[in-house]
Amino acid sequence: MFKGVIDMLLYEGKAKQIYTTDNDNEFVVYYKDDATAFNGEKKAEIASKGILNNKISTIMFEELAREGIESHFIKSISDREMLVKKVEILPLEVIVRNITAGSFCKRYGVEEGIVLDQPIFEMSYKNDEFGDPLLNDDHAVALKLATREEIEFLRNQTLKINEIMKRFFLKMDLKLVDFKLEFGKDSDGKIILADEISPDTCRLWDVNTNEKLDKDRFRRDLGDLVEGYEEVLARLNK
């Protein structure tokens with residue numbers, strides 16, 4: 001149970017709201033029901049989506065913690081809310097691709113569903129004004145978004161997270177196709193995971209049928225989004 005006080009709205013994104021608390025080092029994350037795609041061009045409000053994302057993210061943060069991955073997650077405090085550590089978010093979004101899908105296919109003209117020989121690590125500049133453009137190490141350093149040492153840590157940590165999550169999801173007959181993450185610096189300047197892990201941020205396909213159980217159901221009108229998320233949660237709770 002959360003015994004603190006939720007003070008004021010600090011930030012509102014496409015899927016979450018961040019609130020300050022009476023503890024300077026802790027925030028509350030509230031998961032909304034809003035769904036967006038294509039940089040906000042497609043929008044909808046989908047009942048209970050936020051609840052499902054909060055519950056799935058909680059399970060994943062707890063699993064990663066058991067594997068030694070430190071994150072901003074402290075605990076779940078309600079169906080829609082979790083208590084997290086205060087972090088300074090790095091202006092980089094990192095992406096790992098295990099199977100070709102989405103923008104990768106459009107960008108390079110390849111068909112969907114090709115299993116890559118090894119995971120691809122990508123970075124984008126987290127900036128809505130410029131459409132979160134892809135960048136390489138030199139770009140990130142030149143723009144002073146991160147140092148080379150920080151980028152190397154992000155790469156190694158993200159690829160480690162990928163291996164942990166692939167194994168974990170595979171036990172539930174789910175393929176981890178790709179995912180995106182954000183990281184932040186805590187009060188000690190340590191870089192830790194600071195993003196949700198849910199079907200909003202991960203492409204998850206059924207191992208046997210390749211049915212999409214992620215946000216692509218909304219992006220591409222492939223079926224009821226909540227049913228897909230509920231199926232993921234049901235498998236994680238087995």
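Residues numbered from 1 in each chain as written. Predicted model: local features only at pLDDT ≥ 70, side-chain atom pairs only at ≥ 80, totals over all residues. Heavy atoms only, no water.

1. A few points about a nonpolar patch on the surface
Okay, so step 1: There is a patch of nonpolar side chains on the surface, built from Tyr 108, Val 110, Ile 114 and Leu 134 and spanning about 330 Å² of accessible area.
Okay, so step 2: Looking at where Leu 134 falls in the secondary structure, it is placed in strand S10 (residues 134–135). (Patch = residues over 30% accessible without salt bridge, like charges linked within 9 Å, V, L, I, M, F, W, Y side chains within 5 Å. Areas by Shrake-Rupley, 256 points an atom, 1.4 Å probe, with all protein chains shown as cover. Salt bridge = Lys/Arg side-chain N within 4 Å of Asp/Glu carboxyl O. Helix = DSSP H or I, 4+ residues; strand = E, 2+ residues; numbered from the N terminus.)

2. What to know about the pattern of salt bridges
Opposite charge on two side chains permits pairing when their charged atoms draw close.
Okay, so step 1: By the definition in use, this model includes 28 salt bridges.
Okay, so step 2: Among the salt bridges present, the one from Asp 33 reaches Arg 80, with a minimum N-O distance of 2.8 Å. Note that Asp 33 is positioned in the loop between strand S3 (26–31) and strand S4 (34–37) and Arg 80 in the loop between strand S6 (73–76) and strand S7 (81–85), a separation of 47 residues in sequence.
Okay, so step 3: The exposure class assigned to Asp 33 is buried, which follows from its relative accessible area of 12%.
Okay, so step 4: In this structure, Glu 63 and Arg 66 form a salt bridge, with 3.0 Å as the shortest nitrogen-oxygen distance. You can see Glu 63 and its partner Arg 66 sitting in helix H1 (residues 49–66), 3 residues apart, about one turn around the helix.
Okay, so step 5: Overlapping salt bridges bring together Arg 97, Arg 107, Glu 112, Glu 122, Asp 178, Arg 203, Lys 212, Asp 216, Arg 219 and Arg 220 as one network. (Buried < 20%, exposed > 50% of the residue type's maximum accessible area, 1.4 Å probe, protein only.)

3. As for the sheet that holds strand S1 (residues 6–12)
Okay, so step 1: Strands sit in the order S1-S2-S3-S7-S6 across an open sheet of 5 strands; the sheet is antiparallel. If you trace the sheet from one side to the other, it starts and ends with S1 and S6, each paired once. Adjacent strand axes in the sheet meet at a mean angle of 30°, parallel and antiparallel pairs treated alike. (Pairing = 2+ DSSP bridges. Axes fitted to C-alpha atoms, helices over the stretch in contact; angles between N-to-C directions.)

4. Some words on the nonpolar core
Okay, so step 1: If you look at the biggest cluster of nonpolar residues, it comprises 53 residues, and the most contacted ones within it are Met 165, Phe 183, Ile 197 and Leu 236.
Okay, so step 2: The element best represented in this core is helix H4 (residues 148–171), accounting for 7 residues.
Okay, so step 3: The residues touching Met 165, leaving out its near neighbours within four places in the chain, are Met 60, Leu 64, Leu 176, Phe 179, Ile 197 and Cys 202. (Core = buried A, V, L, I, M, F, W, Y, C linked by side-chain atoms within 4.5 Å. Contact = heavy atoms within 4.5 Å.)

5. A short note on helix H6 (residues 225–236)
Okay, so step 1: Between its first and last C-alpha atoms H6 spans 17 Å; for 12 residues at 1.5 Å apiece the expected length is 16 Å, and the two agree.
Okay, so step 2: Of the residues flanking the start of H6, the one acting as N-cap is Asp 224, its side-chain oxygen 3.1 Å from the backbone nitrogen of Val 226. (Expected span 1.5 Å × (residues − 1). Polar contact = N/O pair within 3.5 Å; in protein donor to acceptor, adjacent residues only side chain to side chain.)

6. Digging into the side chain of Glu 182
Okay, so step 1: With respect to the helices, strands and loops of the structure, Glu 182 is situated in strand S11 (residues 174–185).
Okay, so step 2: Overall, the relative accessible area of 11% leaves Glu 182 in the buried class.

7. Section: H4
Okay, so step 1: With 24 residues, H4 should cover 34 Å at 1.5 Å per step; its first-to-last C-alpha distance of 35 Å lies within 8% of that length.
Okay, so step 2: Inspection of H4 places Glu 150, Ile 151, Leu 154, Gln 157, Thr 158, Ile 161, Asn 162, Ile 164, Met 165, Phe 168 and Phe 169 among the buried residues, and these make up the whole buried set.
Okay, so step 3: Just beyond H4, the residue with positive phi is Asp 173, at close to 60°.

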